[in-house]
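A closer look at the structure
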Amino acid sequence: MEVEEIVKVSRNYQVTIPAKIRQKFQIKEGDLVKVVYDEKENAVKISVMGEPGSNF
């Protein structure tokens, strides 16, 4: 199932992860996420790494 949302880039080049996606991946404030640019797909992907200090 694909979840798609459109978000706006802030003045500081930040984007908010939409609530539906945060809930699906159980992302909480302070969690670490890895952001990767996939050149083949021309897409930005994020992976949830968990809380700081956790073994990932």
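Residues numbered from 1 in each chain as written. Predicted model: local features only at pLDDT ≥ 70, side-chain atom pairs only at ≥ 80, totals over all residues. Heavy atoms only, no water.

1. Things to note about the side chain of Asp38
As for its position among the elements, Asp38 is in strand S1 (residues 32-38). A relative accessible area of 19% means that Asp38 is categorised as buried. Looking at Asp38, its side chain comes within polar contact range of the main-chain nitrogen of Lys40, at 3.0 Å. Within the local environment of Asp38, its side chain forms a polar contact with the backbone nitrogen of Glu41, the two atoms lying 3.1 Å apart. For Asp38, the contacting residues outside a window of four places in its chain are Ala43 and Lys45. (Helix = DSSP H or I, 4+ residues; strand = E, 2+ residues; numbered from the N terminus. Buried < 20%, exposed > 50% of the residue type's maximum accessible area, 1.4 Å probe, protein only. Polar contact = N/O pair within 3.5 Å; in protein donor to acceptor, adjacent residues only side chain to side chain. Contact = heavy atoms within 4.5 Å.)

2. Topic: the layout of surface pockets
Estimates place the volume of the largest pocket at around 640 Å³. As for the largest pocket, its lining consists of 22 residues, and the residues nearest its centre are Ile17, Pro18, Ile21, Val44 and Ile46. Contributions of two or more residues to the lining of the largest pocket are made by helix H1 (19-25), S1 and strand S2 (43-50). If you tally residues by element for the lining of the largest pocket, the top one is S2, at five residues. Here the residues of the lining of the largest pocket are counted per class, giving 14 nonpolar, three polar and five charged. (1 Å grid on protein atoms, 1.4 Å probe; cavity = no way out; pocket = protein on both sides within 12 Å on 5 of 7 lines; lining within 4 Å. Points joined across faces, edges and corners; volume = space filled by probe spheres on them. Nonpolar A, V, L, I, M, F, W, Y, C, P; charged D, E, K, R; others polar.)

3. Details of the confidence of the model for the chain
For the chain, the mean per-residue pLDDT works out to 89, and 91% of the residues sit at or above 70. The spread of mean pLDDT over the elements of the chain runs between S2, the lowest at 89, and S1, the highest at 95. (pLDDT = per-residue confidence, 0-100.)

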